Amino acid sequence: QVQLVESGGGLVQPGGSLRLSCAASSFTFSSYLMRWYRQAPGLGRELVAHITQSGGSTNYADSVKGRFTISRDNAKNMVYLQMNSLKPEDTAMYYCAALEPTTRRPYWGQGTQVTVSS
C-alpha cells in the first residue's frame, strides 16, 4: 500500500520561501515517477512539478519555473519542493503523487496547505 505524507506547508509572506517534503513508504520509491500538484479553492488540480526516478529530469508548470525546485532522495524515500519568491497566487493545497511505473496510476498524499499572504 503506497503511503505518502506531506509536510512543510504554512503561512508565508509574499516573496518568502517554503520547503515541502513528502515521505514515501510501503513501495519501491526509486521506481516511481514523483510529482507535486496543487489545488486552489474552486479550481482543478494543477501539475506543478515532475521528477523522474533517478532525479535526472525535471519539469515545471510555467507559472512556477525559476521559482520552484523539485528534488528527491531515493536513499531516504523523500521528495521535496523548494518554493522561493512565493506569490499570493501560489496559495493552494499541495499534494505529493507517486506514479506507478507501468500503469502510471497516481497515488496521493493527504496534502499540505500553503498560504501566501501579508
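In short, a report on the structure. (Residues numbered from 1 in each chain as written. Predicted model: local features only at pLDDT ≥ 70, side-chain atom pairs only at ≥ 80, totals over all residues. Heavy atoms only, no water.)

## So, the environment of D62
We apply this condition: Secondary structure follows DSSP: runs of H or I at least 4 residues long count as helices, runs of E at least 2 residues long count as strands, and numbering of each begins at the N terminus. Under this definition, polar contacts are N or O atom pairs within 3.5 Å; protein pairs additionally need one hydrogen-donor-capable and one acceptor-capable atom, and for neighbouring residues in sequence, both atoms have to be side-chain atoms.
On the secondary structure map, D62 appears in the loop between strand 6 (58–60) and strand 7 (68–73). A C-alpha to C-alpha distance of 24 Å links D62 and Y107, two positions 45 residues apart in sequence. Polar contacts involving the side chain of D62 include one to the side chain of K65, which spans 3.2 Å.

## Concerning the nonpolar core
Worth spelling out the cut-off: Nine residue types can take part in a nonpolar core, namely buried Ala, Val, Leu, Ile, Met, Phe, Trp, Tyr and Cys, and a core is a set of them joined through side-chain atoms within 4.5 Å. We call a residue buried when its accessible area falls under 20% of the maximum for its residue type, exposed when it is over 50%, and partly exposed in between, using a 1.4 Å probe and counting protein chains only. Residues count as neighbours in contact if any of their non-hydrogen atoms are within 4.5 Å of one another.
Among the nonpolar cores identified, the biggest contains 30 residues, and L4, M34, W36, V79, L81, M83 and Y94 are the most heavily contacted of them. Among the elements of the structure, strand 3 (18–25), strand 4 (33–39), strand 5 (46–51), strand 7, strand 8 (78–83), strand 9 (92–99) and strand 11 (112–116) are those that each provide at least two residues to this core. Those residues in contact with L4 that sit more than four places away from it in its chain are C22, A23, A24, F27, M34, C96, A97, A98, Y107, W108, G109 and Q110.

## Focus on the packing of aromatic side chains
Two numbers describe a pair of aromatic rings. These are the distance of the centres and the angle of the planes. Where we set the bar: Aromatic rings from Phe, Tyr and Trp, with only the six-membered ring used for Trp, were paired whenever their centres fell within 6.5 Å, and each pair was classed as stacked if the ring planes differed by under 30 degrees, edge-to-face if by over 60, and tilted otherwise. Lysine and arginine charges are scored as sitting over a ring when NZ or CZ, respectively, is within 6 Å of the ring centre and within 35 degrees of the ring normal.
Evaluation of the coordinates by the stated rule reveals 4 aromatic pairs. Seen in terms of ring centroids, F27 and Y32 are 4.6 Å apart; in terms of plane orientation they differ by 65°. Their pairing is edge-to-face. A single burial state applies to F27 and to Y32, both of which are buried. Here the aromatic rings of Y95 and W108 are separated by 6.5 Å at their centres, their planes lie at 85°, and the arrangement is edge-to-face. A residue pair is termed long-range when its members are at least 10 positions apart, and Y95 in strand 9 and W108 in strand 10 (residues 106–108) qualify at 13 residues. Residue Y95 is classed as buried on the basis of its relative accessible area, which comes to 13%. The partly exposed category is assigned to W108, whose relative accessible area is 36%. Joined through ring pairs, the aromatic side chains of F27, F29 and Y32 make up one cluster. Directly above the ring of Y80 sits R19, whose terminal nitrogen or CZ lies 3.9 Å from the centroid. Positioned above the aromatic ring of Y95, the side-chain terminus of R45 is 4.0 Å from the ring centre.

Read these as geometric descriptors, not functional statements.
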